[in-house]
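# Fold and contact review
Next come the chains, spelled out residue by residue.
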Amino acid sequence: MSQGAGGSRSRLLLLAGLLLVLGPSPTSSIHVYTQREVYGTVGSHVTLSCSFWSSEWISEDISITWHFQAEGSRDSISIFHYAKGQPYIDDVGSFKERMEWVGNPRRKDGSIVIHNLDYTDNGTFTCDVKNPPDIVGKSSQVTLYVLEKVPTRYGVVLGSVIAGALLLVAVVVALVYLIRYCWLRRQVALQRRLSAMEKGKLQRSAKDASKRSRQAPVLYAMLDHSRGTKAVSEKKTKGAPGDSRKDKK
């Protein structure tokens with residue numbers, strides 16, 4: 001019995017030593033994602049998206065927190081908090097009447113919307129998520145830039161200028177294609193005319209050759225006839241003196 005108890009005690013001591021060496025089991029890491037930059041105009045609204053990934057099931061104790069650091073400031077204030085299934089908008093700052101919760105933790109979404117933007121909203125927003133026991137992780141930041149609202153008249157003028165420029169480009173392209181089409185058509189007509197002239201020349205040369213071939217035998221016959229007539233006349237001329245001698249006798 002003493003040997004068995006000593007063996008079990010030694011095993012427990014060995015296990016405790018291993019636990020001390022290895023330490024507690026590491027906590028899972030949660031990952032939070034936001035956009036880097038978001039742009040909006042004065043008087044409009046903007047959505048600050050925040051999504052997260054957790055290796056654990058979404059627990060009832062999940063919490064989502066948004067902080068805001070104004071442009072040029074070193075201090076950060078809490079403007080929104082989600083816990084125990086309820087969203088809470090903090091009274092600090094100017095976002096109380098202008099913020100809307102549009103997230104859904106079950107879909108791993110912690111997004112918010114800010115309405116009626118103003119220049120004072122320029123700054124950095126930080127989204128932080130905890131999903132126990134998955135609580136270790138790095139928050140994510142998004143920078144908001146609020147720009148001046150573009151006047152309606154200016155927008156109409158700008159749109160008209162862009163439309164006019166596009167129309168001018170379309171007209172130039174159409175003219176280029178029309179000129180090219182006319183040039184190609186003229187080249188085809190000229191090629192056909194040259195082909196017809198070349199064909200006419202060949203036909204005329206063939207007719208001239210056939211005429212020359214027909215006239216050659218006639219010329220040869222006339223030459224032969226003229227040569228025969230000349231020979232007969234020469235014979236008569238030679239035979240005339242003999243006849244005169246016979247008459248004298």
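What counts and what doesn't
- Residues numbered from 1 in each chain as written.
- Predicted model: local features only at pLDDT ≥ 70, side-chain atom pairs only at ≥ 80, totals over all residues.
- Heavy atoms only, no water.
- UniProt positions renumbered as here; feature names shortened; annotations may be inferred.
- Patch = residues over 30% accessible without salt bridge, like charges linked within 9 Å, V, L, I, M, F, W, Y side chains within 5 Å.
- Areas by Shrake-Rupley, 256 points an atom, 1.4 Å probe, with all protein chains shown as cover.
- Salt bridge = Lys/Arg side-chain N within 4 Å of Asp/Glu carboxyl O.
- Helix = DSSP H or I, 4+ residues; strand = E, 2+ residues; numbered from the N terminus.
- Pairing = 2+ DSSP bridges.
- Axes fitted to C-alpha atoms, helices over the stretch in contact; angles between N-to-C directions.
- Buried < 20%, exposed > 50% of the residue type's maximum accessible area, 1.4 Å probe, protein only.

The name an unreviewed UniProt entry gives the chain is Myelin protein P0, with Strix occidentalis caurina as the organism. Reading the Subcellular location (unreviewed entry) entry of the UniProt record for the chain gives the comment "Cell membrane". For the record of the chain, the UniProt heading Sequence similarities (unreviewed entry) holds the text "Belongs to the myelin P0 protein family."

## Thoughts on a nonpolar patch on the surface
Nonpolar side chains collect at one region of the surface, where Leu-167, Val-171, Leu-175, Leu-178, Ile-179 and Tyr-181 lie side by side and expose about 620 Å² of accessible area between them. Looking at the secondary structure, you find Leu-167 in helix H2 (residues 152-248).

## Remarks on the sheet that holds strand S8 (residues 99-101)
The strands making up a sheet are joined through hydrogen bonds of the backbone, oriented either antiparallel or parallel. The 3 strands are arranged S3-S9-S8 in an open sheet whose pairing can be described as antiparallel. What marks the edges here is a single partner per strand, and that holds for strand S3 (46-48) and S8. Direction aside, the axes of adjacent strands within the sheet are offset by 25° on average.

## A look at the pattern of salt bridges
Evaluated as defined, the whole model comprises 5 salt bridges. Across the salt bridge formed by Lys-96 and Asp-91, the nearest N and O atoms sit 3.1 Å from each other. What makes Lys-96 partly exposed here is its relative accessible area of 42%. Residue class for Asp-91 comes out exposed when judged on its relative accessible area of 56%. One salt bridge connects Asp-121 with Arg-98, and the closest N-O pair in it is separated by 2.8 Å. Residue Asp-121 is found in the loop between strand S9 (112-114) and strand S10 (123-130), and its partner Arg-98 is found in the loop between strand S7 (86-89) and S8; the two are separated by 23 residues along the sequence. When its relative accessible area of 12% is taken as the criterion, Arg-98 is described as buried.

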